[in-house]
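Observations on the three-dimensional arrangement
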Amino acid sequence: MQQAASVLTLYEGETFDSSNPAMDELLGDLQLRTGEDWLPKRKVSDSVEFNVEGDFYRNKGRLLTSFFIIEPKDFVESGLPLIRLTQFGQALGNGFVSERQYYEFIVKRIKYPHPAYEDNWQAWTQAGRTLRPLIFILQILLELYESKPGCANSYATSEELATFAYPQSSHEKIGVIADSIIQHRIKPSETREYSDEVNRKINDMLGFLCIAGFTFYDGKLVRLNLLGVHPQESAYYWEKRKTGEYEEASTLRDICNLIRDSGVGA
Amino acid sequence: MGQRVDALRELSSYPVPSSKYWSIKSAQEAALRCIAEGDCVVLYGPPGTGKTKLALDLIHELETRMKVVHELVQFHPKFGYEDFMEGYRPDGKGGFTLVDGVFKTFCSKASADKDALYVFLIDEFNRAELSTTLGEVLLLIEDRNQRMAKTAHSGSSIQLPPNLIILGTMNTADKTIAIMDYALRRRFKFIPVWPDYEVMKNWLTRVGFVDLGISIEEYCRAAFALNKRITSNPLMNKHMQIGHAMFVPKKRGTITRSDVGDVFRYTILPQLETYCGFGREDELKKILNANICEKMKNGQEILDDDIFGLIKTLSSDQASDGIF
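Residues numbered from 1 in each chain as written. Chains lettered and ligands numbered in written order. Predicted model: local features only at pLDDT ≥ 70, side-chain atom pairs only at ≥ 80, totals over all residues.

1. Some words on the overall build of chain B
Along the backbone of chain B there are 14 helices and nine strands. Scored against the burial criterion, the 324 residues of chain B give a buried share of 35%. For chain B, restricting intrachain contacts to residue pairs at least 6 apart in sequence, the fraction spanning at least 24 positions comes to 70%. (Helix = DSSP H or I, 4+ residues; strand = E, 2+ residues; numbered from the N terminus. Buried ≥ 20, exposed ≤ 12 C-beta atoms within 10 Å, placed from the backbone. Contact = placed C-beta atoms within 7 Å.)

2. Points about the interface of chain B and chain A
Contact residues are listed per partner, giving 10 residues for chain B and 13 residues for chain A. Its residues assigned to classes, the side of chain B that touches chain A comprises six nonpolar, two polar and two charged. (Nonpolar A, V, L, I, M, F, W, Y, C, P; charged D, E, K, R; others polar.)

3. Considerations on the sheet that holds strand β5 (residues 117-123) of chain B
Residues and elements named next belong to chain B. Judged by pairing direction, the sheet is parallel, and its five strands sit side by side in the order β2-β5-β8-β1-β9 without closing on themselves. Both outer strands of the open sheet, β2 (68-74) and β9 (188-192), are each paired with one neighbouring strand and no more. Between one strand and the next, the sheet's axes are offset by a mean angle of 20°, whatever the strand orientation. Where strand β1 (residues 40-45) and strand β8 (residues 164-171) come together, five bridges link them in parallel fashion. Opposite G45, over in β8, you have N171 as the bridge partner. (Pairing = 2+ DSSP bridges. Axes fitted to C-alpha atoms, helices over the stretch in contact; angles between N-to-C directions.)

4. As for the packing of helix α2 (residues 24-36) of chain B against helix α3 (residues 51-63) of chain B
Residue and element names in this part refer to chain B. Contact geometry for α2 and α3: axes closest at 11 Å, N-to-C directions at 55°. Classified by the interaxial angle, the pair formed by α2 and α3 is oblique. In this structure, the crossing between α2 and α3 has a hand that is right-handed. Side by side, α2 and α3 meet where I24, A27, Q28, A31 and L32 of the first sit next to L54, D57, L58 and E61 of the second. (Parallel < 35°, antiparallel > 145°, perpendicular 65-115°, else oblique. Left-handed = near helix turned anticlockwise from the far one by under 90°.)

5. Observations concerning helix α9 (residues 174-186) of chain A
Residues and elements named next belong to chain A. Between its first and last C-alpha, α9 extends 19 Å over 13 residues, near the 18 Å set by a 1.5 Å rise per residue. If you check which residues of α9 are buried, you get I174, I177, A178 and I181. Seen end-on, α9 carries its buried residues on one side only, within an arc spanning 100°. (Expected span 1.5 Å × (residues − 1). Arc of directions from axis to C-beta.)

6. A look at the nonpolar core
When a protein is soluble and globular, its nonpolar side chains tend to lie buried together. Residues and elements named next belong to chain B. Residues V41, L43, F120, L167 and V193 are the most contacted members of the largest nonpolar core, which totals 47 residues. With six residues, β5 is the largest single contributor of residues to this core. The contact partners of V193, leaving out residues within four places of it in the chain, are I24, A27, L43, Y44, G45, T49, G50, K51 and L54. One finds A223, M240, L269 and L314 within the second-largest nonpolar core, a separate group that totals 33 residues. (Core = buried A, V, L, I, M, F, W, Y, C linked by C-beta atoms within 7 Å.)

What follows is the structure in structure tokens.
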């Protein structure tokens, strides 16, 4: 993402319009610097060289706007939308943000209502509620870790989060959610209607937390990563070997600090 | 939507340690560091940024620390190897005699006086044909204590004394450092000198404004905004900025409205017109305003009010926020 932001700083002020020749250059630079395809190679037909995907924004815009790299297209009041980086996008592109700082920034700042999306903004604003979803997941995992029988519980599945956390998305309900998950593990009770969209959202968030190193995959479980030595060390393993030395290496303190810094309280 | 925009900007705020705007002091410090290492230095930048003054200030600064001897020459297209190193000159009797050039003579003096620092100051460094003029100096600058060369005309040996440095200044608005070959470039330390608005402000404060209708700070902000427009214009670049000295009327006594008008009318506007190319009012409009461009196009007189209208617009440009 740092490389992508760096490329985008070079094209700030350009129109997203696919007829703008700079967009082709931008796409080439993005692919060269990140090693990723930013536009799937789909053509109308073998004989027509026209990519139905349009510009890179159509394909990756959501990623870039949700992570506060660029401003969404619909922020333009008049005229053609232009590539405009946010202050964070500028800082990232210009090399002021380390990998660790990047992950911590995203975890702390992603918030509902998310201003980049009109529908999300409207829904959460009208409901008069706010949520920091990544912090919310970490809080649930921490609550599970602190509950009896201890750190063996400090994991969650996307199914559990979809069933118990999603319907009660509030930082005030962490205790209730953790209790429900533990009860469910002892005696499965509640079931819910499957929603592909909800599961996908939760999986995306869990995936991000794992990439960021706050959690890790243990099969289908996502465990709180309590050690800097990731991913071989599970929370359970860490508990058994807990010494002063290991405590120093723990990311638990980092996670607690992160939650505190996000402003929602640990 | 305004709420969404504000919310996104708040959530994505990430203040970074912003470097203060460039200052001449930092260039001076950099140059002194290079000189202390025995490097030859070229100060380069747009016209009116005080490069020659800075070079002389550097010599004065060095004089407070040690004995300094300096010689100033200005390069120009007729200045060649014969003037710089050595060459045959008519002896007045129908023959020719070999005469040492200004640099070779300076080298001899430096070799004989090891206790002093010898600074050879070359103004307008890039106006001569450099590879031809400098000759053997290119070889000698590197490993100056070990290398020795024979000069082209007399075949005499020459070595660059360790107590001699070359300090050059060059204007990059019309000739960039790209005209120099790489071999030459790597032998000098190139230190940029950009407009310094703090220096401009202090200078104007010392001189004083009378009935201008704008403050000194507003005038400096206008200068900054104008240069910002120049820098971001695709036809121009940072080397075509207007140096801070060009905004200051050269006169005794306090500065009046017509003094500033004259600076714009007779110095800055013609310079910008040349940069854009004659007849390119469309480009000029992006830097100035429609009113002045129309008058320039039609050859009409540009009044003080026109100039101050432009200055007012420029000074309120957000681009200049936080320059002081």
